[in-house]
Amino acid sequence: MAAGLKSQLSHLFLLQKAQKPLVAVILLSFVLAVGFLLIILSCALWQNWLPLLVAITFVIAPLPNALFSHCGADDFSGSFEPTGPVDLGRFLTSLIVVTGFAFPIVLAHSGVINTSACVMSIVGGGYVIDTFHSQALG
């Protein structure tokens, strides 16, 4: 009886452990969809499609980091010290992210878009960047 209960508990534990990555992927995809929805709504509700450029900047933001992350030390070295290209990739990624957050503020300040559209675009962009960052951390 105890052996059967123990095998059932271990099976249940393995099942829960296997479902955790699936739940994480579903949650991250939901947050990403909400982020893009907020960005698109910030455009559609006020009939001004300039905040959609924010979505483009947030989509291309991880690319420099992904391209330059493999320019570090070789496989045989014991430590990984960031090299110039790795730092350049991080710098370009952070520059694109800051541009994505600053662009709606500049547009709202100049009167091109509504302030509510600016807030919705920034919150949606925060969700998108947070999703990319959470996926990168793993």
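Residues numbered from 1 in each chain as written. Predicted model: local features only at pLDDT ≥ 70, side-chain atom pairs only at ≥ 80, totals over all residues. Heavy atoms only, no water.

Give me the nonpolar core: which residues, what numbers.
Grouped burial of nonpolar side chains is what soluble globular proteins tend to show. Core analysis: the largest hydrophobic core is formed by 9 residues, namely Ile39, Val54, Ala55, Phe58, Ala61, Ile96, Val97, Val128 and Ile129. Those elements that provide at least two residues to this core are α2 (52-60), α4 (84-109) and α5 (115-137). With residues up to four places along the chain from it excluded, the contact list for Ala55 reads Phe36 and Ile39. (Core = buried A, V, L, I, M, F, W, Y, C linked by side-chain atoms within 4.5 Å. Buried < 20%, exposed > 50% of the residue type's maximum accessible area, 1.4 Å probe, protein only. Helix = DSSP H or I, 4+ residues; strand = E, 2+ residues; numbered from the N terminus. Contact = heavy atoms within 4.5 Å.)

How would you summarise the packing of α2 against α4 if you had to cite specific residues and measurements?
At a closest axis distance of 8 Å, the pairing of α2 and α4 adopts a crossing angle of 170°. In this view, α2 runs roughly antiparallel relative to α4, as classed from their interaxial angle. Contacts between α2 and α4 involve Leu53, Val54, Thr57, Phe58 and Ile60 from the first element and Ile96, Val97, Gly100, Phe101, Phe103 and Pro104 from the second. Residues that form the contact of α2 with α4 fall into these classes: 9 nonpolar, 2 polar and no charged. (Axes fitted to C-alpha atoms, helices over the stretch in contact; angles between N-to-C directions. Parallel < 35°, antiparallel > 145°, perpendicular 65-115°, else oblique. Nonpolar A, V, L, I, M, F, W, Y, C, P; charged D, E, K, R; others polar.)

Pulling in residues and values, what's your account of the side chain of Thr93?
Position of Thr93 among the secondary structure elements: in helix α4. According to the relative accessible area criterion, Thr93 is buried, its value standing at 14%. At 3.3 Å, the side chain of Thr93 forms a polar contact with the backbone oxygen of Ala61. Of the polar contacts made by the side chain of Thr93, one reaches the backbone nitrogen of Asn65; its length is 3.1 Å. In contact with Thr93, not counting residues within four places along its chain, are Ala61, Pro64 and Asn65. (Polar contact = N/O pair within 3.5 Å; in protein donor to acceptor, adjacent residues only side chain to side chain.)

Break down the side chain of Ser42 for me, citing the residues and quoting the values.
Secondary-structure assignment places Ser42 in helix α1 (residues 2-44). Every residue in contact with Ser42, bar those within four places of it in the chain, is listed here: Asn48, Pro51, Ala117, Met120 and Ser121.

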